[in-house]
Amino acid sequence: MVRRVAVIGAGAGGLASIKCCLDEGLEPTCFESSEGIGGVWRYTDSTDSRRITVYRSVITNTSKEMSCFSDFPFPEDFPNYLPHSLVLEYLRMYTQHFDLLRHIRCQTTVLSVRKCPDFSTSGRWEVVTESHGIRESHVFDAVMVCTGHYQEPYLPLASFPGIESRFKGQYLHSWEYRDVQAFRGKRVLVLGIGNTGGDLSVELSRVAAKVFLSTRSHTWVVSRVSDQGFPMDMVSTTRFNSLLDWLLPSALTRRIKFRKFNSWFNHTNYGLASSKSSKFKIIINEELPFCLLSGAVVLKPNVKEFTESSAVFEDGTTEGNIDVVLFATGYNFSFPFLEESVRGSIHDNRSLYNCIFPPQLEQPTLAIIGLIQLTGSIMVGSEMQARWVTGVFAGWNKLPPPSRMMAEVLKRKPAVKRNPSERENLKMSFISYVDKIAACAGVKPSVMRLLLTDPKLGLAIFFGPCSPYQYRLQGRGSWSGARAAILTQWQRSLRPLRTRVLRDSSSSSWGWSWMCLLALPAALTAAWLCSKHPQAGWSPR
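What you are looking at is a predicted structure, and each value in this text was computed from that prediction instead of being measured. (Residues numbered from 1 in each chain as written. Predicted model: local features only at pLDDT ≥ 70, side-chain atom pairs only at ≥ 80, totals over all residues. Heavy atoms only, no water.)

Bringing the overall build of the protein chain into the picture now. When helices and strands are tallied, the protein chain shows 19 helices and 20 strands. For the protein chain, the C-alpha radius of gyration of 24 Å lies close to 24 Å, the compact-globule estimate for 541 residues. Dimensions along the principal axes, computed over C-alpha positions, put the protein chain at roughly 70 × 65 × 45 Å. Residue burial in the protein chain is summarised as follows: out of 541 residues, 54% are buried. Counting contacts in the protein chain only where the partners sit at least 6 residues apart, residues at least 24 apart contribute 68% of the total. A total accessible area of about 24,400 Å² is found for the protein chain, and carbon and sulfur atoms account for 52% of it. Within the protein chain, one finds 62 positive and 46 negative side-chain charges whose respective centroids are separated by 6 Å. (Helix = DSSP H or I, 4+ residues; strand = E, 2+ residues; numbered from the N terminus. Rg over C-alpha atoms; globule rule 2.2 N^0.38 Å. Buried < 20%, exposed > 50% of the residue type's maximum accessible area, 1.4 Å probe, protein only. Contact = heavy atoms within 4.5 Å. Areas by Shrake-Rupley, 256 points an atom, 1.4 Å probe, with all protein chains shown as cover. Lys, Arg positive; Asp, Glu negative; His and termini not counted. Charge placed at Lys NZ, Arg CZ, Asp CG, Glu CD.)

Okay, structure coming up:
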């Protein structure tokens, strides 16, 4: 019987895990190695502690309505896309509202997590911690590891001949980057075109003498601002779109997406992506296309080698007088505190049952929270994982036998360990994954039932944003404010923009009412179809 739970890390996933433990009547103790909550969102200028943090200018890539905890919306007056300071403020509000701080022990490092001698029957773990030089040993019935996947900078120096032996300039990883001051007037080469590489290239172009952005990937660039000025993820992340992705052939859906991406600008002309490529990544950046168009950022292929002051690229071109090479090459995850028998079996999230549970354990009392890459908010995905896991610990949710879990893991387990840039291609559909975990937890919304009993809400869930509130409509942990939150989410997204209000006679409510009425038969048909084919990713059960 699980009662005492160790939660490792007080970032967003750790805070959600503490709260979910309390909801299930469990007794959590959270160990946080730094001096406060927030994880990567607690910004610091210092790099001395080696603690991973966001850079000063970072803005979220997912909007507030699509990123919040499912029973705790962001304040209405917060902007749709948030700087790190407001994300941290929100996490502090969440901590205070649910009285989580008393369960957190800051400046306490977890040194080891090992099975107790009677683990095969009890499932208990011995956790050794250190705080201010004092070591303590604890015994817990279960452990939730909430350290995420931004843990160790991935610096692939061996992939770039000459960077260590010949290059005389400076090289560093993006985790060391805080702001532009140290790069003023310099010629900078950024390696990697993920979201970070794109952001830093744009920011550096304002002060650097020249910025070169090197990539080997086909990359599509999208804006946070979508149709009619609404947040992009609110418009695109819908159950209707998810159903279309399932119904249509993958080649056709790719073609539709590429055409949509190219409607903003032709990515092939910019050297970013070709519609012929089946392997690609998507980044979010409004300013990068203009920086490329204006020459402030110059796109280059992969680096072949470095000389004393130059970079030689795979197309044979050379850029000289490079002062700084900035690696935007992502992070590796590691769990050095876990015993080797457990740690050695976790290569990436595909080594875990539903990306959470190590399947080889005799007792399912260890859960890895937040080791996921989704097309939407990881914060929302982590909270759903925590809800399911604590339900398992409390005995409400059941897992399959270890043999079945292992068999499922082996179907999707990678043949080799992948580096962070390759794991970008392993991103999972936000709706498909969160729906899957929600179904396990018994909190997945019943689209068919809602369309029949509450058509207004059902249509909002089917055609509107798949916001976190949908997962509080039914089952354990349901929230009385979920329906209202769903029906008012568009208004809340506009609220921070109402600093100058103009009248527009073209906007009226009757249009939406008529659209809902006409769409109801189609939505009912789609819901029935998915009930017959749950592999669509959101069966209405």
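Glancing now at the state of the cysteines. Scanning the entire structure with this criterion turns up 0 disulfides. As a non-bridged cysteine, C116 has C21 as the owner of its nearest cysteine sulfur, 17 Å distant. (Disulfide = S-S within 2.5 Å.)

Turning next to unusual backbone geometry. Positive phi, close to 50 degrees, is recorded for Q107, a residue that is not glycine. For Q107, the position within the fold is in the loop between β3 (104-105) and β4 (109-115). On the accessibility criterion, Q107 (38% relative accessible area) is partly exposed. For N354, which is not glycine, the phi torsion reads 55 degrees and is therefore positive. By the secondary structure assignment, N354 is in the loop between α10 (340-343) and β20 (366-368).

Here we come to the domain arrangement of the protein chain. Segmentation of the protein chain into domains returns domain 1 (4-151 + 333-430) and domain 2 (155-330). On the domain 2 side, the residues contacting the 27 residues of domain 1 number 23 residues. Taking both partners together, domain 1 and domain 2 bury about 2,100 Å²; carbon and sulfur atoms supply 52% of that area. Contact with domain 2 buries surface across domain 1, with Y55, N61 and Y81 losing the most and accounting together for 31% of the total. The tally of links from domain 1 across to domain 2 stands at 1 salt bridge. With a shortest N-O distance of 3.1 Å, D179 and R56 are connected by a salt bridge. Our enumeration of links across domain 1 and domain 2 arrives at 12 residue pairs in polar contact (both at pLDDT 80 or more). (Domains from an automatic or database assignment. Buried area = accessible area lost by both parts, 1.4 Å probe. Salt bridge = Lys/Arg side-chain N within 4 Å of Asp/Glu carboxyl O. Polar contact = N/O pair within 3.5 Å; in protein donor to acceptor, adjacent residues only side chain to side chain.)

With that settled, consider the side chain of S112. Take S112: it is sitting in strand β4. Note on S112: relative accessible area 14%, which makes it buried. In this structure, S112 is in contact with E126, V127, V128 and F337, ignoring residues within four places of it in sequence.

It is worth spelling out the pattern of salt bridges at this point. Counted under the stated rule, the structure contains 25 salt bridges. Residue E35 pairs with R42 through a salt bridge whose shortest N-O separation is 3.6 Å. Put simply, R343 and E340 hold a salt bridge, and the shortest N to O gap is 2.6 Å. Residue R343 and its partner E340 are both found in helix α10; the two are separated by 3 residues, about one turn of the helix. A relative accessible area of 29% places R343 in the partly exposed class.

Once that is clear, we can look at the nonpolar core. Soluble globular proteins tend to pack their nonpolar side chains together in the buried interior. Core analysis: the largest hydrophobic core is formed by 98 residues, its most contacted members being M144 and F393. If you tally residues by element for this core, the top one is helix α11 (residues 378-394), at 8 residues. Taken domain by domain, the makeup of this core includes at least three residues from each of domain 1 (4-151 + 333-430) and domain 2 (155-330). Discounting residues that sit within four places of it in the chain, F393 has contacts with V2, V5, L26, A142, V143, M144, F357, P364, T365 and A367. In terms of nonpolar packing, the next biggest core, distinct from the first, is built from 22 residues, V113, F119, F140 and F335 among them. (Core = buried A, V, L, I, M, F, W, Y, C linked by side-chain atoms within 4.5 Å.)

This part covers helix α7 (residues 239-247). R239, S242 and L243 are the residues of α7 that are buried. All buried residues of α7 lie within an arc of 100 degrees about the axis, which places them on one face of the element. (Arc of directions from axis to C-beta.)

Attention shifts here to the sheet that holds β3. Pairing within the open sheet is parallel, and its 5 strands lie in the order β3-β2-β1-β7-β20. Strand pairing shows two members of the sheet lacking a second neighbour, β3 and β20, which therefore form its edges. The sheet contact formed by strand β1 (residues 4-8) and strand β7 (residues 142-145) spans 4 bridges and is parallel. Bridge assignment links A6 to a residue of β7, and that residue is V143. Of the strands in this sheet, β1, β7 and β20 are in contact with α11, which crosses β7 at around 175 degrees. (Pairing = 2+ DSSP bridges. Axes fitted to C-alpha atoms, helices over the stretch in contact; angles between N-to-C directions.)

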